[in-house]
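If you want the building blocks of each chain, they are given just below.
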Number of protein chains: 2
Amino acid sequence: MGNKKSSKSEKSAKTPAAPLTAAELFRLPDGPVNLAKVSTERAAGGPADKQAAAAAMPALAEKLAGLQEKLYAQAIGGDRRGVLVVLQAMDTAGKDGIIEKVIGLCNPAGIKLTSFKRPTQEELAHDFLWRIERQVPAPGYIGVFNRSHYEDVLVQRVHNIVPKEIWSKRYATINAFERKLDRSGISIVKVFLHISKQVQAERLADRLDDPTKYWKFNPGDIDERGYWDAYQEAYGAALQRCSTVAAPWHVIPSDHKWYRNWAVAALLAQTLENLAPQYPAATFDVGEQRARLAASLKL
Amino acid sequence: MGNKKSSKSEKSAKTPAAPLTAAELFRLPDGPVNLAKVSTERAAGGPADKQAAAAAMPALAEKLAGLQEKLYAQAIGGDRRGVLVVLQAMDTAGKDGIIEKVIGLCNPAGIKLTSFKRPTQEELAHDFLWRIERQVPAPGYIGVFNRSHYEDVLVQRVHNIVPKEIWSKRYATINAFERKLDRSGISIVKVFLHISKQVQAERLADRLDDPTKYWKFNPGDIDERGYWDAYQEAYGAALQRCSTVAAPWHVIPSDHKWYRNWAVAALLAQTLENLAPQYPAATFDVGEQRARLAASLKL
């Protein structure tokens with residue numbers, strides 16, 4: 001037995017460990033979440049530099065496009081599965097960048113993108129999930145939420161827009177909503193783009209130094225920056241309380257745009273791969289339709 | 001004077017004529033429209049072959065991306081302009097291909113894509129433009145209609161779904177609607193993807209020969225093919241009666257996918273170029289915001 005053990009460990013020493021998947025790389029650490037202790041630069045894997053990330057993107061883009069087409073096609077065949085990407089982040093962390101550089105790799109025909117802004121009067125008159133539920137993707141689609149129902153436990157908590165008695169109950173409501181979505185066939189990919197306070201300052205400064213970026217700047221961004229610690233705490237709570245088996249949170253180190261874009265593309269590709277979408281079978285008699293087509297040529 | 005004239009014509013003989021713009025290349029011929037006489041292969045310009053088209057696309061993609069960002073940015077600055085691309089075509093002509101290959105070059109954040117299917121009971125209970133008006137793009141966006149209000153003078157005319165008394169009045173209603181849109185700042189790019197009946201047969205055969213394409217095939221496509229001539233006539237009427245100064249129709253030769261994609265990309269780029277979108281000025285005091293940002297670093 002001692003012998004067996006030693007030969008086993010010898011073998012495992014020789015076999016290189018499989019690289020971590022994107023889901024493994026970016027999964028939330030166990031226990032209470034302290035975002036200050038999670039790297040904003042890189043996780044324990046992925047491309048080492050900008051060149052390596054650029055080299056990895058074409059294959060990821062091709063994989064995404066192929067899997068997305070199958071997801072779309074199988075829904076036409078009656079399958080009920082779809083995907084929902086939820087993007088949350090501090091200002092400048094790159095939600096818009098992910099939409100341009102990662103979602104932009106997909107076929108727009110199968111994308112349903114919703115940017116949630118400050119709620120309208122009509123939206124405020126309803127339960128906080130009312131406007132969210134209306135934007136859930138149909139089977140076959142990749143839905144993308146640029147901000148989401150998480151704002152209702154983030155900005156609303158940080159600024160006391162609703163009392164603790166209200167927002168503290170929303171975590172459970174969100175978990176129930178996401179569980180329902182998952183059961184209906186929608187795979188949820190929740191992504192927190194994690195940046196340092198210093199990098200945010202640099203990006204805000206860029207926007208103030210470049211007249212072609214003024215439109216991205218809002219004086220309110222600096223007001224919000226003043227609440228950095230409160231936001232980090234609120235994010236920590238949201239990530240911890242709403243990271244479930246059905247819909248886990250992922251923390252994406254986002255100080256480097258090239259790493260961030262690669263990471264989200266890899267995570268989305270892995271999600272699609274896990275769904276293993278398949279082209280549907282014909283719902284018609286192929287031979288019969290070929291004959292009808294041939295007949296139409298003789299007319 | 002004679003001298004002057006001759007030197008002028010000499011000069012014009014030496015100066016090569018400027019190449020036709022996309023809008024000029026694809027504009028509807030004058031007079032009654034007989035689509036049988038319009039080439040489905042190429043217009044009087046554009047890339048000569050697949051390689052030339054592929055070589056032209058990266059520059060077009062860059063131009064589209066740059067102009068689209070400015071269009072989006074200037075709307076945030078208060079500008080009211082936007083773009084609406086209307087795609088109409090016989091089955092297999094490439095509406096979905098244009099969305100993947102041309103609209104896919106744009107940033108999804110600024111795209112509002114609507115695919116109009118067979119109207120629902122609720123939509124049928126309203127005026128035919130009701131469902132259309134709800135999908136008009138906001139300023140800064142490029143709206144894309146995959147099928148459109150033109151179905152109401154095409155399929156509805158060909159199949160007598162509504163009597164002539166109804167559909168014949170819709171041309172004027174459509175022109176008034178599009179004039180209103182144009183006045184509100186939305187530039188309308190109407191595109192008819194023109195293919196031959198032979199090429200349609202080849203593409204339908206492809207879908208029947210390749211199991212990864214079955215999902216694109218519907219037996220109803222062959223039924224519709226039986227109405228080819230009636231559709232061509234209905235398209236001719238729609239193009240002629242609804243090609244206005246505010247919203248002209250363009251006929252895109254679409255037997256070759258590479259030509260078709262280049263043509264629509266060039267037309268969209270020209271439309272955006274004509275709008276000459278500009279990054280908006282800062283709506284805040286840049287120096288003051290820089291000082292606030294600097295102060296946030298000292299805290």
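Provided above is the structure to which this section pertains.
In what follows, the accompanying structure is described. (Residues numbered from 1 in each chain as written. Chains lettered and ligands numbered in written order. Predicted model: local features only at pLDDT ≥ 70, side-chain atom pairs only at ≥ 80, totals over all residues. Heavy atoms only, no water.)

**A short note on the pattern of salt bridges**
Residue and element names in this part refer to chain A.
Here comes step 1: Within the structure shown, the criterion is met by 24 salt bridges over all chains.
Here comes step 2: Ionic pairing is found between K101 and E100, a salt bridge with its closest N-O pair at 3.7 Å.
Here comes step 3: Residue K101 is classed as partly exposed on the basis of its relative accessible area, which comes to 43%.
Here comes step 4: Judged by relative accessible area, E100 falls into the partly exposed class, the value being 33%.
Here comes step 5: Here the salt bridges share partners, and the residues they tie into one network are D91, R147 and E151. (Salt bridge = Lys/Arg side-chain N within 4 Å of Asp/Glu carboxyl O. Buried < 20%, exposed > 50% of the residue type's maximum accessible area, 1.4 Å probe, protein only.)

**Topic: unusual backbone geometry**
Here comes step 1: In this structure, N160(A) is a non-glycine residue whose phi angle is positive, near 50 degrees.
Here comes step 2: Take N160(A): it is sitting in the loop between α7 (155-158) and α8 (164-184).
Here comes step 3: Even without a glycine there, the phi angle at A276(B) is positive, about 45 degrees.
Here comes step 4: Here A276(B) shows up in the loop between α12 (257-275) and α13 (286-298). (Helix = DSSP H or I, 4+ residues; strand = E, 2+ residues; numbered from the N terminus.)

**Brief notes about the pairing of strand β3 (residues 142-146) of chain A**
On a regular strand, one side chain projects to one face of the sheet and the next to the other, so that they alternate.
All names here are of chain A.
Here comes step 1: In terms of residue burial, β3 counts as a mostly covered element, since five of its five residues are buried.
Here comes step 2: Across the two faces of β3 the burial is the same, with I142, V144 and N146 and G143 and F145 all buried.
Here comes step 3: Pairing between strand β1 (residues 82-89) and β3: five bridges, direction parallel. Among the inter-strand pairings, V86 is bridged to a residue of β3, identified as F145. (Pairing = 2+ DSSP bridges.)

**Describing the sheet that holds β3(A)**
Residue and element names in this part refer to chain A.
Here comes step 1: Read from one edge to the other, the open sheet built from five strands follows the order β2-β3-β1-β4-β5, with strand pairing classed as parallel. Each end of this open sheet is capped by a strand with a single partner; those strands are β2 (111-115) and β5 (249-253). For this sheet, the mean angle separating the axes of adjacent strands, direction not counted, is 20 degrees. (Axes fitted to C-alpha atoms, helices over the stretch in contact; angles between N-to-C directions.)

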